[in-house]
Amino acid sequence: GTIAPTISRKAIKDFLTNGKLLDPRKVYFEVKSKILDFMDFGDKPEIADVEACWVLATHIYPLFHWFPHLLFNAPSESGKSKNATILSYLAFRGFDLGASAGVTPAQIFRTIEANRGTFVFDDFEQEIQNETRVLVSQILNASATKDAYVIRTEQINKKWRAWKFPIFCPKVCCNISGINPTSLS
């Protein structure tokens, strides 16, 4: 499970030989500004600071052994989905898995493995217990560490084969019902 580069070798070489580095403070304030352009955090503007740091870290998450997930737990119509969408646009390879739209477990594993970017699980309610919800709970429980994977089997030519699917990547989960204590920790 290596992360495929999104920048060509030539672009990396040009960047390294020209020596022009980005000003990290400028990038941070631009990301924070984009978040605040669309979100109103009321008397908690520091939320945008945390989100900006998290977004920037998603671009280098393979450097970490652990990476935190974000949980947006609030009442309906509070802006959870909007906030998650904004972060997915700014984060590394943001992708809404559509867990609330009936995506299958196989699609989830294969998408995470192929994309290895930042994933959004919107409307992930813990009281709904279908196969996909149980699976997403398992992924959230186990995927905060670099060596995290799940094993699934599939039949090929009448023989069963076990596959390890890496599941370590940044994730945003949105719901109104809370989340299980294991994932929360």
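Please refer to the structure higher up on the page.
Because the structure is predicted, anything quoted here is derived from the model rather than measured.

Draft legend 1. Seen up close, the overall build of the chain. Within the chain, the secondary structure is distributed over 7 helices and 6 strands. Put simply, the chain runs from its N terminus to its C terminus through helices and strands in the order α-α-α-β-α-β-α-β-α-β-β-β-α. Counting every position in the chain, which comprises 185 residues, the buried fraction comes to 37%. When contacts within the chain are restricted to residue pairs at least 6 apart in sequence, long-range pairs at least 24 apart make up 68% of them. With an accessible surface of roughly 11,400 Å², the chain has 58% of that area assigned to carbon and sulfur atoms.

Draft legend 2. Representation of the sheet that holds strand S6 (residues 171-175). Read across the open sheet, the 4 strands follow the order S1-S6-S3-S2; overall the sheet is parallel. The strands lining the two open edges of the sheet, one partner per strand, are strand S1 (70-73) and strand S2 (95-96). Across 2 bridges, S2 lies against strand S3 (residues 119-121) in parallel orientation. Across the sheet, residue aspartate 96 finds its bridge partner in S3, namely valine 120.

Draft legend 3. Local environment of the packing of aromatic side chains. With the rule as written, the count across this model stands at 7 aromatic pairs. Centre to centre, the rings of tyrosine 28 and phenylalanine 29 are 4.9 Å apart; their planes meet at 70°, and the pair counts as edge-to-face. An angle of 55° between the planes, with centres 6.3 Å apart, marks the rings of tyrosine 61 and phenylalanine 92 as tilted. Remark: phenylalanine 92 occurs in the loop between helix H4 (80-90) and S2 and tyrosine 61 occurs in the loop between helix H3 (46-58) and S1; sequence separation between them is 31 residues. Per residue, the accessibility class of tyrosine 61 equals that of phenylalanine 92, and both read buried. One residue, arginine 161, lies across the ring of tryptophan 163, its end atom 4.1 Å from the ring centre. Sitting over the face of the ring of tyrosine 149, lysine 164 holds its NZ or CZ atom 4.5 Å from the ring centroid.

Draft legend 4. Structural view of the nonpolar core. By size, the foremost hydrophobic cluster in this structure holds 40 residues, and its most contacted members are Ile35, Phe72, Ile108, Phe109, Ile112, Ile139 and Val172. Listed by contribution, the elements that provide at least two residues to this core are helix H2 (24-38), H3, S1, H4, helix H5 (105-115), S3, helix H6 (131-142) and S6. By residue number, the principal contributor to this core is H3, which donates 5 residues.

Draft legend 5. Region of interest: unusual backbone geometry. Of note, arginine 93 is a non-glycine position whose phi angle comes to about 45°, a positive value. By the element assignment, arginine 93 lies in the loop between H4 and S2. Judged by its relative accessible area of 22%, arginine 93 is partly exposed. Despite not being glycine, arginine 116 has its phi angle at roughly 50°, a positive value. Following the sequence through the fold, arginine 116 ends up in the loop between H5 and S3.

Draft legend 6. Spotlight on the environment of methionine 39. Within the fold, methionine 39 resides in the loop between H2 and H3. Between the C-alpha atoms of methionine 39 and lysine 82, which are 43 residues apart in sequence, the distance is 8.1 Å. Setting aside residues up to four positions removed in sequence, methionine 39 forms contacts with Gly79, Lys82, Asn83 and Ile86.

Draft legend 7. Main features of the pairing of strand S5 (residues 159-166). Pairing analysis gives 8 bridges linking strand S4 (residues 149-156) to S5, with the strands arranged antiparallel. In the strand pairing of S5, glutamate 154 is matched with arginine 161. Linking S4 to S5, which pair antiparallel, is a turn of 2 residues; within it asparagine 157 sits at a positive phi near 50°.

Draft legend 8. H3, seen in detail. Here H3 contains 13 residues, and its C-alpha end-to-end distance of 19 Å stays within 8% of the 18 Å for a straight helix at 1.5 Å per residue. Within H3 the residues assigned to the buried category are Ala48, Glu51, Ala52, Trp54, Val55, Ala57 and Thr58. Close packing links the buried residues of H3 with H2, S1, H4 and S6.

Reading guide: rules and limits
- Residues numbered from 1 in each chain as written.
- Predicted model: local features only at pLDDT ≥ 70, side-chain atom pairs only at ≥ 80, totals over all residues.
- Heavy atoms only, no water.
- Helix = DSSP H or I, 4+ residues; strand = E, 2+ residues; numbered from the N terminus.
- Buried < 20%, exposed > 50% of the residue type's maximum accessible area, 1.4 Å probe, protein only.
- Contact = heavy atoms within 4.5 Å.
- Areas by Shrake-Rupley, 256 points an atom, 1.4 Å probe, with all protein chains shown as cover.
- Pairing = 2+ DSSP bridges.
- Phe/Tyr/Trp six-rings, centres within 6.5 Å; stacked < 30°, edge-to-face > 60°.
- Lys NZ or Arg CZ within 6 Å of the ring centre and 35° of its normal.
- Core = buried A, V, L, I, M, F, W, Y, C linked by side-chain atoms within 4.5 Å.
- Expected span 1.5 Å × (residues − 1).

In short, the description is geometric, and any link to function would need to be established separately.
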